[in-house]
Amino acid sequence: MKKMMHWGLSLFFVLMSTNAFAVADLNPEGKFKVVPAIMMIALLILFILVGVFSKAQNTEDYWAAGRGVGQIGGGMAIASNWMSAASYLGMAGLIYLKGYFAISYVLGWTGGYVLLLVLMAGQVRRYGKYTAPDFIGDRYYSTTARLMSALIVITISFVYSVGQYKGIGMMFNWIFGINYQTSVVVGTGVVLAYVLISGMLGATKNMQVQYVVIVITFFLPLFFIASKLGYFSAVPQIGYGAAVYDIGHGGNGISAAATDASYYLPFAKYTAYHWFALCITLMLGTAGLPHVIGRFYVVPRVSDARWQVVWGLFCIALVYWTAPAYAAFAKFSNLLGTAGTITPDAIVVNAAELAGLPEWFAGFLAAGGVSAAFSTVGGLLMAGSSAFAHDIYFRVLNPNASEESKMKIARVGTIILGVSIIVVALNPPALIAQITAVAFALGANTFFPLFLLGLWWSRTTKEAAIAGMVVGLVVTFGSMLIPKASILAYYIPFTSSAIVGVPLVLATMIIVSMMTPEPSSEIKELLYKVHNDE
């Protein structure tokens, strides 16, 4: 475990030293904001109380919420778990910076849930395991595959959480006026507290509460921002189209000299290949993220697993429909010359400030941003700790472990993972959404092919699974070290490597499967039941 963490930290520091990421500027230390602080403290108290009253009593509660979550509640939890700081804060920041190109994030992240609905949701729930490594270890009848997949889960949780810690730190910095580094430590301490207290059962309840907070905080200020800037405010998600036109053509106070036509042109700055590569990577990565797959284990029935994905898509769409509006209004204010300091990862809060709205409106948005980060970090820490305690400790090292010892190891794993992430988050290597995209590339290049072939092709062997994970790891992390100027970097961008990685992994697994002894008849019978039993 310590070696893996050391390796992960070393990789990130190498990336930082080679400028593989563009380090984002952080907000400077500001003043204490009374009303936003009251909002945030009230939310934190609420999260802790929900965790206390929904405390996990055993490992089934801790890892799978007692398998008692309903369809709509599960959909809200999926949406909240999914809509991280990358969605709430980072997506608007990327659209602000890159315009049309960043829409690939919207389409890729939502499209992945369609894949999950069609290819995996019912089958994964019917298989009936706790975690992604549990499925892989059982389906591929291999301790090696289980260990490798558990380490990949921990790595994904680590990388993904760095972006969420950054979002928490920035919002605490803005609200409480304390420096960014202190904000990261304080904010993540609260997250660890409620995850350790509640486990998946309490985390799921919190995710439902957090979704309500996210939707209200994301929707309400936008009506006032649109009205303040003179655009159609009844449905600002439609009205922002006029702002995009003004950004490209001038008008409503923007001079012709200040316009930015490249903002809305499809491929003015980036090629169609890169747009498609990123979209595919995020889509396949969504279907391969362990904390997303883990949501299918918490519902009581197979039909609930499918319907919670449908409800989750609806809940996600409400926010994703809205994010481009914040980016466009902030871009408009910038070109208008009314903008002060703009931090892309805080663009949602900046948009309210630029529109001249009262401080409590911006505080409302900041509270939502922290809620989004909290909900995702909770799911990630649970996925990472379950890989450590359930798949490594219980399944491999100590099969006779008691419930008490498993719970203890799970909580120790949560603390180790949570504290380790702080080290990188104190000096984040990129924008929130860019950091997150690396985790998606890793999920796409490893877990997506293993689940796809493991569920739908009974001939897939354990040797193929191990070979597939090795190739996926090489493609994902190898793409980060490719010199930017090389032709290889053009076709395998580090945030979009799955467009090459997934076909390569699938081909590897198919070839290796055909060259190795086929799985036992028990595996084939089990897969038959997975696809035919209700």
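Residues numbered from 1 in each chain as written. Predicted model: local features only at pLDDT ≥ 70, side-chain atom pairs only at ≥ 80, totals over all residues. Heavy atoms only, no water.

Q: Please clarify how the packing of helix α18 (residues 432-456) against helix α19 (residues 462-480) should be interpreted in this entry.
A: When two helices pack together, their arrangement is given by the angle between the helix axes and by the axis-to-axis distance. Running from N to C, α18 and α19 cross one another at 165°; their axes reach a closest spacing of 9 Å. By the angle between their directions, the pair α18 and α19 is classed as roughly antiparallel. Crossing hand, α18 versus α19: right-handed. Residues Val438, Ala441, Leu442, Asn445, Thr446 and Leu450 of α18 lie in contact with α19, whose contacting residues are Ala465, Gly468, Met469, Gly472, Leu473, Val475, Thr476, Phe477 and Met480. Counted by class, the contact of α18 with α19 contains 10 nonpolar, 5 polar and no charged residues. (Axes fitted to C-alpha atoms, helices over the stretch in contact; angles between N-to-C directions. Helix = DSSP H or I, 4+ residues; strand = E, 2+ residues; numbered from the N terminus. Parallel < 35°, antiparallel > 145°, perpendicular 65-115°, else oblique. Left-handed = near helix turned anticlockwise from the far one by under 90°. Contact = heavy atoms within 4.5 Å. Nonpolar A, V, L, I, M, F, W, Y, C, P; charged D, E, K, R; others polar.)

Q: Can you walk me through the side chain of serine 161 in this structure?
A: Relative to the assigned elements, serine 161 resides in helix α8 (residues 143-176). Residue classification places serine 161 among the buried residues on the basis of a relative accessible area of 0%. Not counting the four nearest positions on each side in its chain, serine 161 is found in contact with Leu380 and Ile421. (Buried < 20%, exposed > 50% of the residue type's maximum accessible area, 1.4 Å probe, protein only.)

Q: Teacher, can you tell me more about the confidence of the model for the protein chain here?
A: Interpreting fine coordinate detail is not advised for predicted regions of low pLDDT. With 82% of its residues at a pLDDT of 70 or more, the protein chain shows a mean pLDDT of 79. The lowest-confidence element of the protein chain is helix α1 (residues 2-17), averaging 38 in pLDDT; the highest-confidence one is helix α21 (residues 498-515), averaging 97. Contacts of residues 1-29 to residues separated by more than four positions or lying in other chains number 60 contacts, the stretch itself having pLDDT below 50. Low confidence marks residues 58-68, where pLDDT is under 50. Its contacts with residues over four positions away, or in another chain, come to 51 contacts. (pLDDT = per-residue confidence, 0-100.)

Q: Help me understand empty space enclosed by the protein in this model?
A: In this approach a probe as big as a water molecule rolls over the atoms, and the regions it shows empty are the leftover space. Counted according to the given criterion, the structure contains 3 cavities of 30 Å³ or more. Empty space within the second largest cavity amounts to approximately 70 Å³. Taken together, 13 residues line the second largest cavity, and the ones lying closest to its centre are Lys98, Phe101, Ser262, Lys269 and Tyr270. For the lining of the second largest cavity, the class distribution of residues is 8 nonpolar, 2 polar and 3 charged. (1 Å grid on protein atoms, 1.4 Å probe; cavity = no way out; pocket = protein on both sides within 12 Å on 5 of 7 lines; lining within 4 Å. Points joined across faces, edges and corners; volume = space filled by probe spheres on them.)

Q: Help me understand a nonpolar patch on the surface, please; the structure alone is not making it clear to me.
A: There is a patch of nonpolar side chains on the surface, built from Phe32, Val34, Val35, Ile38 and Trp360 and spanning about 480 Å² of accessible area. Tallying contributions element by element places helix α2 (residues 34-53) first for the nonpolar patch, with 3 residues. Locating valine 34 in the fold gives a position in helix α2. Take valine 34: its relative accessible area is 48%, and that puts it in the partly exposed class. (Patch = residues over 30% accessible without salt bridge, like charges linked within 9 Å, V, L, I, M, F, W, Y side chains within 5 Å. Areas by Shrake-Rupley, 256 points an atom, 1.4 Å probe, with all protein chains shown as cover. Salt bridge = Lys/Arg side-chain N within 4 Å of Asp/Glu carboxyl O.)

Q: Teacher, can you tell me more about the nonpolar core here?
A: A general tendency of soluble globular proteins is for nonpolar side chains to be buried together. Of all hydrophobic cores here, the largest spans 159 residues; its most connected members are Tyr105, Ile225, Tyr326, Phe329, Val348, Leu381 and Phe451. With 19 residues, the top contributor of residues to this core is α8. The contacts of tyrosine 105, once residues within four sequence positions are left out, are Leu94, Leu278, Leu282, Ala433, Gln434 and Ala437. (Core = buried A, V, L, I, M, F, W, Y, C linked by side-chain atoms within 4.5 Å.)

Q: Sorry if this is basic, but what is going on with helix α22 (residues 521-532) here?
A: The end-to-end C-alpha separation of α22 is 16 Å, in line with the 16 Å expected for 12 residues at 1.5 Å each. Of all the positions in α22, only Ile523, Leu527 and Val530 are classed as buried. Within α22, the buried residues cover an arc of 55° as seen down the axis, which keeps them to one side. Summarising the geometry of α22, the exposed residues directed more than 90 degrees from the buried face are Glu522, Glu525 and Tyr528. In this structure, the buried residues of α22 make contact with α6 (103-127), α7 (132-139) and α18. (Expected span 1.5 Å × (residues − 1). Arc of directions from axis to C-beta.)

Q: It is not clear to me how the environment of glutamine 237 should be interpreted in this structure. Could you clarify?
A: Among the structural elements, glutamine 237 can be located in helix α10 (residues 236-249). Its relative accessible area of 6% is what places glutamine 237 among the buried residues. Each C-alpha atom, one on glutamine 237 and one on alanine 226, is 9.3 Å from the other, the two residues being 11 residues apart in sequence. If we skip the residues at most four places from it in the chain, glutamine 237 touches Phe219, Leu222, Trp321 and Thr322. Side chain to side chain, glutamine 237 and threonine 322 meet in a polar contact 3.1 Å long. (Polar contact = N/O pair within 3.5 Å; in protein donor to acceptor, adjacent residues only side chain to side chain.)

Q: Teacher, can you tell me more about the pattern of salt bridges here?
A: A side chain with one charge may pair with a side chain of the opposite charge, provided their charged atoms come close. This structure, assessed with the given rule, holds 5 salt bridges. One salt bridge in this structure joins aspartate 260 and lysine 331, with 3.5 Å as the shortest N-O distance. Pair noted here: aspartate 260 is in the loop between α10 and α11 (272-286) and lysine 331 is in helix α14 (residues 323-336), with a separation of 71 residues, a long-range link. Looking at aspartate 260, the relative accessible area reads 16%, which means it is buried. Taken together, the shared-partner salt bridges in this structure form one network comprising Asp134, Arg146, Asp391 and Arg395.

Q: Explanation requested: α11 in the structure shown.
A: Each α-helix turn comprises 3.6 residues. Residues three or four places apart therefore point the same way. The first and last C-alpha atoms of α11 sit 21 Å apart over 15 residues, in line with the 21 Å expected at 1.5 Å per residue. With 11 of 15 residues buried, α11 lies mostly within the body of the structure. Three or more residues of α11 are buried, namely His274, Trp275, Ala277, Leu278, Cys279, Thr281, Leu282, Met283, Leu284, Gly285 and Thr286.

Q: Is there a simple way to explain the packing of aromatic side chains in this structure?
A: We describe a pair of aromatic rings using the distance from one ring centre to the other and the angle between the two ring planes. Enumeration according to the criterion identifies 16 aromatic pairs in this entry. Where phenylalanine 32 meets phenylalanine 176, the ring centres are 6.2 Å apart and the plane angle is 40°; that geometry is what we call tilted. With phenylalanine 32 in the loop between α1 and α2 and phenylalanine 176 in helix α8, this residue pair connects regions lying 144 residues apart in the sequence. The class for phenylalanine 32 is partly exposed, based on a relative accessible area of 47%. Pairing tyrosine 490 with tyrosine 491 gives two aromatic rings, centres 4.9 Å apart and planes at 80°, and the pair type is edge-to-face. Put simply, the rings of Tyr105, Trp109, Tyr160, Tyr320 and Phe440 pair up and form one aromatic cluster. Here arginine 139 stacks its cationic end above the ring of tyrosine 140, 4.8 Å away from the centre of that ring. The ring of tyrosine 96 is capped by lysine 331, whose NZ or CZ atom sits 5.4 Å from the centre of that ring. (Phe/Tyr/Trp six-rings, centres within 6.5 Å; stacked < 30°, edge-to-face > 60°. Lys NZ or Arg CZ within 6 Å of the ring centre and 35° of its normal.)

Q: What exactly am I supposed to notice about the environment of leucine 46 here?
A: Here leucine 46 lies in helix α2. Residue classification places leucine 46 among the partly exposed positions, given a relative accessible area of 34%. As a C-alpha pair, leucine 46 and valine 209 span 163 residues in sequence and 8.9 Å in three-dimensional space.

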